[in-house]
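# Summary of structural features
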Amino acid sequence: MSDSIELRKAKRLKGEIIPPPDKSISHRAVFLSSLAKGKSIVRNFLRAEDTMSTMNAMKMLGVDIEQQSSRAAEQQSKGKDTTALLHYCSTDLVIHSNGIHGLQEPEDVIDCGNSGTTIRLLSGVLSGNPFLSVLTGDSSLRSRPMGRVITPLRQMGADIMARDNDRYPPIAVRGRKLKAIKYDMPVASAQVKSALLLAGLYADGETEISEPIKSRDHTERMLSSYGARIDIEGLKIKIKGGQELKAKDMDVPGDFSSAAFFIVAALLIPDSDITIKGVGINPTRTGLLDVLKSMGAEIELTNIRDVSLNSSLFADEPVADIHCKGGKGLKAINITKEQIPALIDEFPILCIAATQADGVTTIRGAEELRVKESDRIKAMATEMRKMGVEAEELSDGISIKGNANLKGASINSCGDHRIAMAFSVAALIAKGTTTIKGTSAVNISFPKFFEILKGLTK
Ligand code: S3P
């Protein structure tokens, strides 16, 4: 199959779509169901490469996981063409677990693929399980920093090490009894926070974690919904060790980070009018909506409801339909460090929006973007320049001159799903033909992305 696509200017986007299931929540649903004794059903699980890495890892650890075709997806497939395609990235999982101490030693190295969430959360879980595990991944994952989980897990007593002085995968961990710690996280990272919360379940005493800025809180909400007691005071989270999780059924909402590409595309293409249905709007994820609205975008949220997690302590995951219309001019904006965690994965598509805004947009305090699936600051600056954008790479962000007349170019996705999708949107407003190379990366989070985009393009 070809690993590139050619795209041209679109007149408008029109129609209704359902985005793929949320990637972060799908990962966590498998983690928690695999540790909760009994049978859990995860409805609308994301069937994409990243979340399959988590599912396969849990199978290697002895968890019984069965895929069933999703009823929701089948119903969708009777509808319009674009929604039918989502059948390919949504499934239901039936998970039988022997409980938090029920995992078994894997017979082989666990391959986490491209997934930072898999390797980091797994490091936390395996630190408390009394056997040897080795975790690795693809070349991108093997160049991503692991010291951020290894340092605090070692403080908890974990026997864990990694390549190049504990910096990069592979990671080797021999689990044992852990002790609770108080830990001030130096970087705002939901993956690190989640790894420590999961390790905290295996620790003697109460683990206390403080974040510098609030990051996505799906793990906290879900731990509570699986029956764990967890206390949150501002940026401080406490969890007691020795707790059992209770099996349960849950629904995964649509992924805001996948919806984001269509939101921006509709805003930038005049006469567009689209509705994206059932999108998760957890406020720790939707920073892009606030930013786009302050740039002047016309976005309306309707049918706001909760996808029930049956949590005793916290709110469920909120969901809405998002309606966007194109053609209204945007104005440039300055984005600072405090805003970054809530829009961390939307940086690539926000850069594309900034190319069309009136004025110079600057994004700062975002150095974390250098250690994502690619160096996203460098990738965006380099590839946008090929399309004629004046973009300056900063050590911790970027500055982008707006009102740019984009011209078609040959774009390298850098093997990064979000870079590939962001430039596909840029291609729809560029003069001439844009070739995106390395398109198979979209399978990490959004199989059928190009087919759905094509279905909306008029
Ligand atoms: C994620 C957390 C974020 C995000 C990633 C998914 C998660 O990473 O960028 O795509 O599911 O917890 P960090 O925790 O490294 O910021």
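Residues numbered from 1 in each chain as written. Predicted model: local features only at pLDDT ≥ 70, side-chain atom pairs only at ≥ 80, totals over all residues. Heavy atoms only, no water.

## Some points on the domain arrangement of the protein
Just so we agree on the cut-off: An automatic or database domain assignment is the source of the domain bounds shown. What makes two residues a contact is simply this: any of their non-hydrogen atoms within 4.5 Å. Should a side-chain nitrogen of Lys or Arg be within 4 Å of a carboxyl oxygen of Asp or Glu, the pair is scored as a salt bridge. Polar contact is defined as a pair of N or O atoms within 3.5 Å, subject to the rule that within protein one atom must be able to donate a hydrogen and the other to accept it, and that residues adjacent in sequence are counted only when both atoms are side-chain atoms. The secondary structure listing takes helices from DSSP runs of H or I that are at least 4 residues long and strands from runs of E that are at least 2 residues long, numbered from the N terminus. Gly is put with the polar residues, along with every residue not named as nonpolar or charged; the nonpolar set is Ala, Val, Leu, Ile, Met, Phe, Trp, Tyr, Cys and Pro, and the charged set is Asp, Glu, Lys and Arg.
Each assigned domain of the protein is listed here: domain 1 (4–19 + 254–456) and domain 2 (23–250). Of note, the centres of domain 1 and domain 2, computed from C-alpha atoms alone, are 26 Å apart. Each partner contributes to the interface: domain 1 provides 40 residues, whereas domain 2 provides 38 residues. For the pair domain 1 and domain 2, the interface holds three salt bridges. Put simply, domain 1 and domain 2 have 12 residue pairs in polar contact (both at pLDDT 80 or more) between them. Only strand E2 (14–17), strand E20 (317–325), helix H14 (417–427) and helix H15 (449–456) provide two or more residues apiece to the side of domain 1 that touches domain 2. Sort the elements by how many residues they give to the side of domain 1 that touches domain 2 and H15 lands first, with four residues. Split into classes, the residues belonging to the side of domain 1 that touches domain 2 amount to 17 nonpolar, nine polar and 14 charged.

## A word on the packing of helix H12 (residues 347–354) against H14
We count it as follows: Here an axis means a line fitted to C-alpha atoms, over the contact stretch when the element is a helix, while the angle between two N-to-C directions is reported on a 0 to 180 degree scale. For this classification, under 35 degrees means roughly parallel, over 145 means roughly antiparallel, 65 to 115 means roughly perpendicular, and everything else is oblique. Helix crossings fall into two classes, left-handed where the near helix is turned counterclockwise from the far one by less than a right angle and right-handed where it is turned clockwise.
Relative orientation of the contacting elements H12 and H14 amounts to 20°, with a least axis distance of 8 Å. The angle between H12 and H14 falls in the class roughly parallel. In this structure, the crossing between H12 and H14 has a hand that is right-handed. Contacts between H12 and H14 pair Pro348, Ile349 and Ile352 from the former with Arg418, Ile419, Ala422, Phe423, Val425 and Ala426 from the latter. Among the residues forming the contact of H12 with H14, the class breakdown is eight nonpolar, no polar and one charged.

## Observations concerning helix H8 (residues 190–200)
Operational definition: Remark: exposure states derive from per-residue accessible area (1.4 Å probe, protein chains only) relative to the maximum for the residue type, with buried under 20%, exposed over 50%, and partly exposed in between.
Counting buried residues along H8, 11 of its 11 residues qualify, which places the element largely inside the surrounding structure. Among all positions in H8, only Ala190, Gln191, Val192, Lys193, Ser194, Ala195, Leu196, Leu197, Leu198, Ala199 and Gly200 are buried. Its side-chain oxygen 3.3 Å from the backbone nitrogen of Gln191, Ser189 forms the N-cap of H8.

## Some remarks on the site of the ligand
Rule in force here: What makes a residue near a molecule or strand is one non-hydrogen atom of that residue sitting within 4 Å of it. All accessibility values rest on the Shrake-Rupley procedure with a 1.4 Å probe; residue burial counts only the protein chains present in the view. Points on a 1 Å grid over protein atoms alone make up a cavity when a 1.4 Å probe fits among them but cannot get out, and a pocket when they form an open set with protein on both sides within 12 Å along at least five of seven lines; lining residues each have an atom within 4 Å of a point. Those molecules having more than half of their atoms within 2 Å of a cavity or pocket grid point set are described as sitting in that cavity or pocket.
Around the ligand sit Ser24, Arg28, Thr117, Arg120, Ser189, Ala190, Gln191, Arg216, Ile344, Asp345 and Lys372, and that is every residue in its neighbourhood. Between the ligand and the protein, one listed contact pairs an oxygen atom with a side-chain N or O atom of Thr117 at 3.3 Å. Here the ligand has 390 Å² of accessible area as a free molecule, and 96% of this is covered by the chains. Counting atoms within 2 Å of the grid points, the majority share of the ligand lands in the largest pocket. Elements supplying a minimum of two residues to the shell around the ligand: helix H1 (23–35), helix H5 (116–127) and H8. Residues belonging to the shell around the ligand are distributed by class as follows: two nonpolar, four polar and five charged. Looking at the shell around the ligand, you find at least three residues from each of domain 1 (4–19 + 254–456) and domain 2 (23–250).

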